[in-house]
Amino acid sequence: MTVDQTKLRLFAAAVGVLLGLGGVLALFVGATIALSEVMGLASAAFTVAGIGLLLATVCLFFCLQPFRSMEQEVGEVEDATADALADLPIDALRSFVERRPLTTTALAMALGYSMVRHPHTAQRHAERFLMSML
């Protein structure tokens, strides 16, 4: 995905959010005007505002779940981060191979040659790398 596509998607998302907010505002204004025929403008405005606050409260408790403990939230964030980072090296390697296949082949051949030529040195380097990762 290029930079232009990313900018275009961000712009489309911003326009979508603005249109969604405009739709909700139009819905609330329409409901207020419809109710003003029955109960007066001020009471209709307070009724629609109360319904909006009730919807916001329901969304707060069922979507955000503020009653959960901080340990549960941190645990879920850690699990999601670990899952995302577990796929990251494989995705990065796949994209590197797709973009530069000749360079990847040359690096793999050089690595294989050095492992066959000097196996003890390659083993020592691999152990040092694994210990640095821990």
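Thresholds applied
- Residues numbered from 1 in each chain as written.
- Predicted model: local features only at pLDDT ≥ 70, side-chain atom pairs only at ≥ 80, totals over all residues.
- Heavy atoms only, no water.
- Helix = DSSP H or I, 4+ residues; strand = E, 2+ residues; numbered from the N terminus.
- Buried < 20%, exposed > 50% of the residue type's maximum accessible area, 1.4 Å probe, protein only.
- Areas by Shrake-Rupley, 256 points an atom, 1.4 Å probe, with all protein chains shown as cover.
- Expected span 1.5 Å × (residues − 1).
- Contact = heavy atoms within 4.5 Å.
- pLDDT = per-residue confidence, 0-100.

A. Geometry of the overall build of the protein. A count of helical and extended segments in the protein gives five helices and zero strands. Traced from its N-terminal end to its C-terminal end, the protein shows the element sequence α-α-α-α-α. Burial status across the protein gives 4% buried among its 134 residues. Accessible surface, the protein: about 11,500 Å² in total, of which carbon and sulfur atoms supply 73%.

B. Main features of helix H2 (residues 41-64). Here H2 spans 33 Å end to end across 24 residues, near enough to the 34 Å set by a 1.5 Å rise per residue. All of the buried residues in H2 are Ala 44, Val 48 and Gly 52.

C. Layout of the side chain of Thr 32. Considering the arrangement of structural elements, one finds Thr 32 in helix H1 (residues 3-39). With sequence-adjacent residues up to four places away left out, Thr 32 is seen in contact with Leu 41, Ala 44, Ala 45 and Val 48.

D. Geometry of the confidence of the model for the protein. Taken residue by residue, the protein gives an average pLDDT of 81. The fraction at 70 or more is 89%. Least confident of the elements in the protein is helix H3 (residues 70-99), whose mean pLDDT is 73; most confident is H2, at 88.

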